[in-house]
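Summary of structural features
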Amino acid sequence: RAELQTTMWTAAGLVRDGDTLQAAADSIAGCVPALDGTTAAYEDANLLEVARVVVTAALAREESRGAHFRSDRPHRDPAFDRHLSWVRKGTLAC
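Now for a look at the structure at hand.

Conventions and cut-offs
- Residues numbered from 1 in each chain as written.
- Predicted model: local features only at pLDDT ≥ 70, side-chain atom pairs only at ≥ 80, totals over all residues.
- Heavy atoms only, no water.
- Helix = DSSP H or I, 4+ residues; strand = E, 2+ residues; numbered from the N terminus.
- Areas by Shrake-Rupley, 256 points an atom, 1.4 Å probe, with all protein chains shown as cover.
- Axes fitted to C-alpha atoms, helices over the stretch in contact; angles between N-to-C directions.
- Parallel < 35°, antiparallel > 145°, perpendicular 65-115°, else oblique.
- Left-handed = near helix turned anticlockwise from the far one by under 90°.
- Contact = heavy atoms within 4.5 Å.
- Salt bridge = Lys/Arg side-chain N within 4 Å of Asp/Glu carboxyl O.
- Buried < 20%, exposed > 50% of the residue type's maximum accessible area, 1.4 Å probe, protein only.

Moving on, we come to the overall build of the protein chain. Secondary structure summary: the protein chain contains three helices and two strands in total. Going from N to C terminus, the protein chain has its helices and strands arranged as α-β-α-α-β. Accessible surface computed for the protein chain: about 6400 Å², of which carbon and sulfur atoms make up 57%.

If you want it as structure tokens, here you go:
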């Protein structure tokens with residue numbers, strides 16, 4: 001959990017860039033939560049899912065908007081004047 005928190009703050013914090021976001025996406029892509037029936041394990045699985053959504057959305061929105069600044073794309077882009085949606089594929093085995 002601590003490693004995921006560090007990765008997310010470093011890569012998807014207030015100041016972001018495409019290369020660091022991609023490295024974070026690659027880093028968490030292979031993570032598989034160990035669901036051992038404990039509350040902590042399910043919390044970790046949820047944190048991992050949220051991290052994937054945040055990183056995917058941040059990579060897709062190639063602009064700076066609101067409080068989130070893309071250092072590699074510092075200006076707003078009217079092409080991104082829309083909402084991003086996430087649809088989960090599959091189910092989490094419980």
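Read on for the rest.
This part is about the packing of helix 1 (residues 2–12) against helix 2 (residues 18–29). Following both chains from N to C, one finds helix 1 and helix 2 inclined at 155 degrees, their axes separated by 8 Å at the closest point. Our classification of the angle between helix 1 and helix 2 gives roughly antiparallel. Relative to helix 2, the crossing made by helix 1 is left-handed. Within the contact between the two elements, helix 1 uses Leu4, Thr7, Thr10, Ala11 and Ala12 and helix 2 uses Thr20, Leu21, Ala24 and Ile28.

Okay, the pattern of salt bridges next. One pass over the structure, following the stated rule, counts two salt bridges. For the salt bridge of Arg1 with Glu43, the shortest nitrogen-to-oxygen distance reads 3.1 Å. Taken as a pair, Arg1 in the segment before helix 1 and Glu43 in helix 3 (residues 39–60) lie far apart in primary sequence, 42 residues in all. Relative accessible area serves as the criterion here: at 45%, Arg1 is assigned to the partly exposed category. A salt bridge links Arg1 to Asp44; the shortest N-O distance between them is 2.6 Å. Linking Arg1 in the segment before helix 1 with Asp44 in helix 3, this pair joins segments that are 43 residues apart in sequence. Note on Asp44: relative accessible area 29%, which makes it partly exposed. One continuous salt-bridge network, built from bridges that share partners, spans Arg1, Glu43 and Asp44.

At a minimum axis distance of 11 Å, the contact between helix 1 and helix 3 shows a crossing angle of 15 degrees. Classed by the angle they form, the pair helix 1 and helix 3 counts as roughly parallel. Considering only the axes of helix 1 and helix 3, their crossing is left-handed. Across the interface between the two elements, Leu4, Met8 and Ala12 of helix 1 pack against Leu47, Leu48, Ala51, Val54 and Val55 of helix 3.

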